[in-house]
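Examining the three-dimensional arrangement
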Number of protein chains: 2
Amino acid sequence: MLKIKTNENFASLSGSYLFTETQRRIRLFEAENPEKKVIKLGIGDVTRPLAPTVVEAMLRAAEEMGRADGFHGYAPEAGYGFLRTAIAENYASRGVDVRPEEVYVSDGSKSDASGIFDLFGDLPVVIPDPVYPVYADSCVMSGKKVVYLPATRENGFLPTPDLAPDRASAIFICSPNNPTGAAYGTAGLAEWVAYAKRTGSLIVCDAAYSAFISSDCPNSIYRIPGAKSCAVELNSLSKSAGFTGTRCAWAVFPRELGELAGMWLRRQSAKFNGVAYVVQRAAEAALSKQGMRESEENIAYYRRNAQKICSVLSEKGIYHTGGIDSPYIWLKCPGTDDSWGFFDRMLHRLRIAGTPGAGFGKNGEGYFRLTAFCSDEDADEAAERMRKLL
Amino acid sequence: MLKIKTNENFASLSGSYLFTETQRRIRLFEAENPEKKVIKLGIGDVTRPLAPTVVEAMLRAAEEMGRADGFHGYAPEAGYGFLRTAIAENYASRGVDVRPEEVYVSDGSKSDASGIFDLFGDLPVVIPDPVYPVYADSCVMSGKKVVYLPATRENGFLPTPDLAPDRASAIFICSPNNPTGAAYGTAGLAEWVAYAKRTGSLIVCDAAYSAFISSDCPNSIYRIPGAKSCAVELNSLSKSAGFTGTRCAWAVFPRELGELAGMWLRRQSAKFNGVAYVVQRAAEAALSKQGMRESEENIAYYRRNAQKICSVLSEKGIYHTGGIDSPYIWLKCPGTDDSWGFFDRMLHRLRIAGTPGAGFGKNGEGYFRLTAFCSDEDADEAAERMRKLL
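Residues numbered from 1 in each chain as written. Chains lettered and ligands numbered in written order. Predicted model: local features only at pLDDT ≥ 70, side-chain atom pairs only at ≥ 80, totals over all residues.

**Re the pairing of strand E2 (residues 103-106) of chain A**
All names here are of chain A. Burial along E2 is two-sided: Val103 and Val105 and Tyr104 and Ser106, pointing in opposite directions, are all buried. Taken together, the four bridges between E2 and strand E8 (residues 249-252) define a ladder with antiparallel strand orientation. Its bridge partner being in E8, serine 106 is matched across the sheet by alanine 249. (Buried ≥ 20, exposed ≤ 12 C-beta atoms within 10 Å, placed from the backbone. Helix = DSSP H or I, 4+ residues; strand = E, 2+ residues; numbered from the N terminus. Pairing = 2+ DSSP bridges.)

Structural data, given as structure tokens:
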């Protein structure tokens, strides 16, 4: 029998990863009700196919890998030059100065958001509540102290620095936010940059949903003057180019962060072995002008879905936010349901799978997240069911 | 200026990852000597193209991803059922009983070998010296105590449990070994299993090179009775099917390990987002009968390269081992060179890049690793240069 000491911090984690539990309940319902179609608006997983430009690049790269003169072995640790350059050019097209050598390619923002904990010593980690569970899970696993910042209806789900500790910390910002869909404006982000500079803190800004911004909210924290000396930015092609099943993301460690960038490279080269060549070529294509145009069509498609769902919530007088700069709609559970109760009611009565707000943190209780990443038929059908049955 | 407390353990790491430093020196030499061709026998990176069956599967999957009815988003956390089954069947074909649900697909054995540290509390970690640097690097980063087991010419580079601590520990075994090429026989592995069972220890057996075994050494630790209750096995398609630039590997957590498998799933679902669909389909094809046959040809090709290099070392009377069950040849640096000195001499005089033994641990000093993962022309040319100039 094993007698090794295991990591005691696991005992402080919730029993299972949020989406493992929602999936379990959905599968159970489906097994018991095989004739009923469940509309999946739970996990933030895209459904539109990869753009033609992306598929072409992937096919070309796969063929290369089958030829002696086109084969590629281990990729450079921080990503191929062609992709780091494409990412830097994408920032440039948005008026943001990021150099290729500041870009570290990875297989996902989840990997980056959790991997960055390896760089931290004993310091407070500041995390909004509710938020994407990965930051808190990684924090708990690593035994770090978490300071939760309440994101509530009162502050527009955008917590401000006045609740953060007055000493150097690592602050996770997710904007546009998962799950609430709230996005910081320029003034709001600038407040965080000022806080970071005053306290010597590091901001880790998860911008995975920035492609969905349709308002004037900044689509990169580096639009805020001075942010390069205090912020790492994470971004991903998962939601912008439909790469959830293809896996490519990046972290920006600006040279102004000094030794931290070197630590990240050391961490990545010791613990990670790069992203597949075919995927990096596909990512390059996704970031090309043609690739971006094709992805824009998918984003517009998901935006229309969001509007359909928001419309019916408005009709019903159900408080909701998001859906503008974000594929997520965040709604107040109507009636007296708590969020897992509402999850079950939606699943059993409306056959719509969403995600209970409580899964994203204490302040998510009483709320519910729906995603717009479905087909337009499903969005219509979901709106119809909500119109009739909610 | 950033004032966050960073992870102090980084200060105990070597300045750069071993292969980052060797690459730096090689690039410098190449920049200064652009007319001279350096033969790369350093990094254990394959050069033969992906097998036709693998490329076909990848092309098919890429086309699927471009169609609404074939698109795949997030993969199941532990890998697609089709791949977990293919891996289990591969074990079955070698007479080893591993169930699909005991297999956890990942993007690389490096990710798994470092990620597993997240499961450990305060316990001694037992690591052979010399060995693949990832285990020790991850250990140092996580602040765990390392017990090094000397792997020397005297013990055939296969340390035995008598030097390991008498309490529950995590033991890393790499067999066939990187860098020495030494592989444990049945009796040697059985000694480790007996030790693990006596002390309640966990064995992490890295079998990434098992496809190279041509002797009667076991190609899985699960060939040893009782190993399923004390051992995790890591394996990868990097070296067996040329996936270094495609990225697919797996960890086996047998159900006999109890809660540890659940902890691994919890860790993976919180910190990792799965392997690309196209890559999992390619991996499935690599494990098919036809894929295995095609890979075998590449392995035989690399074996012939190893024999060419071993021959010239024998002619020269230079002590060496490996090259039989392994793509690595481990040789004693001739003359008075230390291993970095020999690295520089090989690079500057013979224009052959290898890897200094000291980079793999204290006991690697005085030794040098060459890989057989080159083209046959390069193996011939390297043998020729060594014959003339060594």
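**Quick look at the domain arrangement of chain A**
Residues and elements named next belong to chain A. Each assigned domain of chain A is listed here: domain 1 (13-50 + 291-389) and domain 2 (52-288). Taken over C-alpha atoms, the centre of domain 1 sits 25 Å from the centre of domain 2. Between domain 1 and domain 2, the residue contacts involve 33 residues of the former and 40 residues of the latter. Mapped by element, the contributors of at least two residues to the side of domain 1 that touches domain 2 are helix H9 (289-315), strand E9 (320-322) and strand E10 (328-332). Per-element tally for the side of domain 1 that touches domain 2: the top contributor is H9, with six residues. Grouping the amino acids of the side of domain 1 that touches domain 2 by side-chain chemistry returns 13 nonpolar, 14 polar and six charged. (Domains from an automatic or database assignment. Contact = placed C-beta atoms within 7 Å. Nonpolar A, V, L, I, M, F, W, Y, C, P; charged D, E, K, R; others polar.)

**What about unusual backbone geometry?**
Cis geometry marks the peptide bond from serine 175 of chain A to proline 176 of chain A; its omega dihedral reads -5°. Note on placement: proline 176 of chain A falls in the loop between strand E5 (170-174) and helix H6 (186-199). In this structure, the amide linkage connecting aspartate 129 of chain B to the following residue, proline 130 of chain B, adopts the cis form with an omega of 5°. Looking at where proline 130 of chain B falls in the secondary structure, it is placed in the loop between strand E3 (125-129) and helix H5 (133-141). Its identity as a non-glycine residue notwithstanding, arginine 351 of chain A has a phi of 50°, on the positive side. Relative to the helices and strands, arginine 351 of chain A resides in the loop between helix H10 (339-350) and strand E11 (352-353). The exposure class of arginine 351 of chain A is partly exposed, given the 19 C-beta atoms found within 10 Å.

**Details of the nonpolar core**
If you look at soluble globular proteins, the nonpolar side chains tend to sit buried side by side. Ile203, Val204 and Val278 of chain A together with Ile203, Val204 and Val278 of chain B are the most contacted members of the largest nonpolar core, which has 250 residues in total. Every residue in contact with isoleucine 203 of chain A, bar those within four places of it in the chain, is listed here: Ile171, Ile173, Trp192, Ala196, Ile221, Cys230 and Ala231 of chain A. (Core = buried A, V, L, I, M, F, W, Y, C linked by C-beta atoms within 7 Å.)

**Section: the interface of chain B and chain A**
Taken residue by residue, the interface counts 73 residues in chain B and 73 residues in chain A. With seven residues, helix H2 (residues 52-65) of chain B is the single largest residue contributor to the side of chain B that touches chain A. Looking at the side of chain B that touches chain A residue by residue, the class counts come to 38 nonpolar, 21 polar and 14 charged.

**Observations regarding helix H3 (residues 81-93) of chain B**
Residues and elements named next belong to chain B. Its 13 residues give H3 an end-to-end C-alpha distance of 18 Å, which sits within 8% of 18 Å, the value for a rise of 1.5 Å per residue. Buried within H3 we find Leu83, Arg84, Ala86, Ile87, Ala88 and Tyr91. On its buried face, H3 is in contact with strand E2 (103-106), strand E8 (249-252) and helix H8 (277-286). Following H3 by one or two positions, glycine 95 has its phi on the positive side, about 80°. (Expected span 1.5 Å × (residues − 1).)

**Structural notes on the environment of histidine 72 of chain B**
Examined against the element boundaries, histidine 72 of chain B turns out to sit in the loop between H2 and H3. Assessed through the 20 C-beta atoms surrounding it within 10 Å, histidine 72 of chain B is described here as buried. Taking C-alpha positions, histidine 72 of chain B is 45 Å from tyrosine 195 of chain B, a pair spaced 123 residues apart along the chain. Not counting the four nearest positions on each side in its chain, histidine 72 of chain B is found in contact with Gly245 of chain A together with Met65 and Tyr277 of chain B.

**Looking at the environment of glycine 366 of chain B**
Residues and elements named next belong to chain B. With respect to the helices and strands, glycine 366 occurs in the loop between strand E12 (355-356) and strand E13 (367-371). The partly exposed category is assigned to glycine 366, around which 16 C-beta atoms lie within 10 Å. Expressed as a C-alpha distance, the spacing of glycine 366 and leucine 83, which sit 283 residues apart in the sequence, is 42 Å. Those residues in contact with glycine 366 that sit more than four places away from it in its chain are Lys332, Cys333, Asp338, Ser339 and Gly357.

**A closer look at the packing of H2 of chain B against helix H9 (residues 289-315) of chain B**
Residue and element names in this part refer to chain B. At a closest axis distance of 8 Å, the pairing of H2 and H9 adopts a crossing angle of 130°. With respect to H9, the element H2 is oriented oblique. Side by side, H2 and H9 meet where Pro52, Thr53 and Val54 of the first sit next to Gln290, Gly291 and Glu294 of the second. (Axes fitted to C-alpha atoms, helices over the stretch in contact; angles between N-to-C directions. Parallel < 35°, antiparallel > 145°, perpendicular 65-115°, else oblique.)

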